[in-house]
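# Working through the structure, step by step
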Amino acid sequence: MDYFLTEEQIMIRDLARQIAEEKVVPVRRELDEKEEFPWEIMKVLAQSDLFGLFIPEEYGGLGKGSLELCIAVEELSRACLGVSTTYAANALGTYPILLFGSDEQKKKYLPDIASGKRLVAFGLTEANAGSDAAGIQTTAKLEGNEYVLNGTKQWITNGGEAEIYTIIAMTDRTKGARGASAFIVEKGTPGFTFGKKEEKMGIRASSTRELIFENCRIPKENILSKEGMGFIIAMKTLDNSRAGVGAQGVGVAQGAFDEAVKFAKQRVQFGHPIITFQAVQHMLADMATETEAARALVYSVARYIDSGAKDITKESAMAKVYATDIAMKVTVNAVQVMGGSGYMREYPVEKMMRDAKILQIYEGTNQIQRNVIGQALIKKQR
Ligand code: COS
């Protein structure tokens, strides 16, 4: 399919693909087995300027948009979702600053993020606030010139490894969603520590930790926008980021599909390569079609975001839910096409299947995405 990418977008795709093939594929199994954070690969991405893709030129980035980011995320995901999650979560954590930061905050933080010198993490989720994002209990209380943070964030991607954290906390619990605010917190601030690294089913190269705030004092200038804007900042951040999760789905589906086709051409049963059997062909045909459909939707939504459209909530949710449901289906079927071999660690598809599951869960479960789309449909009919 021709997606009418510009020469520059093709260059970004080829660069990310080359890094994925040369630097990620050879180590992905080891990273998964050892649950090792992919610092070496992050350094390569930084040297290749890929951290600066979506950051404006005036803050040291390349000034590209959501489509370029999705293209890079897709290529990395084709090789390893643990690596691409680390990279994509950095963008997730950066969006609050990019969308709501003051010029001063942008000047202070974005150049280091664009160069890959400092990683970012987004802290919204808590033990009792997952789908119910407005239910967070971490508090931020203004005392003189400082906000004092107390509470614990759970399952934070890049936790412990990142140096910059965008945190949602309640400044006024009585106001519900309208009582939340967003803050920038730097690693090393007294009162800010990390819990143990979580042991996960998949995306094991990525780091997932608790963030613990105990009377953590930050300058009051570290608030993003103003008090009460935290929930909106979180929602707009997710609106911008969810197309990227869709791109992760497209990438891992493509990776699994490629493996399944390669295997089906080589594996001989009943005297013929199994790809000549219609039962296998039909599975591969569906996998190819659905992956392409997911890619078309993700790219369209990314272009829609880049057009400056104001309301992207429904479209982002659509890209996320469709592409990640397809990713789960395609990776499961890649294992099925490859049979016993697909189930073995010697081949990469069992990892892809384990990895893909998180895409239906994080950045809003796929049930929440359907709620978001449903709510948008109700609003439109009013
Ligand atoms: N953009 C702008 N504003 C938004 C918005 C969006 N995408 N979504 C909601 N809002 C606004 C609403 O308009 C409402 O404003 P008012 O107070 O002026 O009416 C306010 O925010 C509260 O919205 P709502 O009542 O819809 O909030 P709910 O508590 O019902 O929650 C969902 C809405 C479920 C959509 C939200 O909690 C959510 O996205 N949950 C999933 C969280 C998630 O993705 N977690 C993953 C972890 S982060 S990696």
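Residues numbered from 1 in each chain as written. Predicted model: local features only at pLDDT ≥ 70, side-chain atom pairs only at ≥ 80, totals over all residues. Heavy atoms only, no water.

### Some words on the domain arrangement of the protein chain
- What the domain assignment lists for the protein chain is domain 1 (7–114), domain 2 (120–228) and domain 3 (231–381).
- Taking the mean C-alpha position of each, domain 2 and domain 3 sit 30 Å from one another.
- Listed by partner, the interface residues are 16 residues for domain 2 and 14 residues for domain 3.
- Surface buried jointly by domain 2 and domain 3 totals about 1100 Å² across both partners, of which 76% is contributed by carbon and sulfur atoms.
- It is F122, M201 and I203 in domain 2 that bury the most area against domain 3; as a group they hold 38% of the surface buried on that side.
- Run the count over domain 2 and domain 3 and you get two residue pairs in polar contact (both at pLDDT 80 or more).
- In the side of domain 2 that touches domain 3, the residues fall into 11 nonpolar, three polar and two charged. (Domains from an automatic or database assignment. Contact = heavy atoms within 4.5 Å. Buried area = accessible area lost by both parts, 1.4 Å probe. Polar contact = N/O pair within 3.5 Å; in protein donor to acceptor, adjacent residues only side chain to side chain. Nonpolar A, V, L, I, M, F, W, Y, C, P; charged D, E, K, R; others polar.)

### Some words on the site of the ligand
- Around the ligand there are 20 residues in total, and S131, R178, D239, R242 and G364 lie nearest to it.
- Between the ligand and R242 there is a distance of 2.9 Å, counted from an oxygen atom to a side-chain nitrogen or oxygen.
- Calculation on the ligand without its partners gives an accessible area of 1000 Å², and the protein chains cover 64% of this total.
- Counted by class, the shell around the ligand contains 10 nonpolar, five polar and five charged residues.
- Composition of the shell around the ligand by domain shows at least three residues from each of domain 2 (120–228) and domain 3 (231–381). (Near = heavy atom within 4 Å. Areas by Shrake-Rupley, 256 points an atom, 1.4 Å probe, with all protein chains shown as cover.)

### Observations regarding the environment of K226
- Position of K226 among the secondary structure elements: in the loop between β8 (223–224) and α7 (230–266).
- A relative accessible area of 55% places K226 in the exposed class.
- Distance in space between the C-alpha atoms of K226 and F277 is 62 Å, their sequence separation being 51 residues. (Helix = DSSP H or I, 4+ residues; strand = E, 2+ residues; numbered from the N terminus. Buried < 20%, exposed > 50% of the residue type's maximum accessible area, 1.4 Å probe, protein only.)

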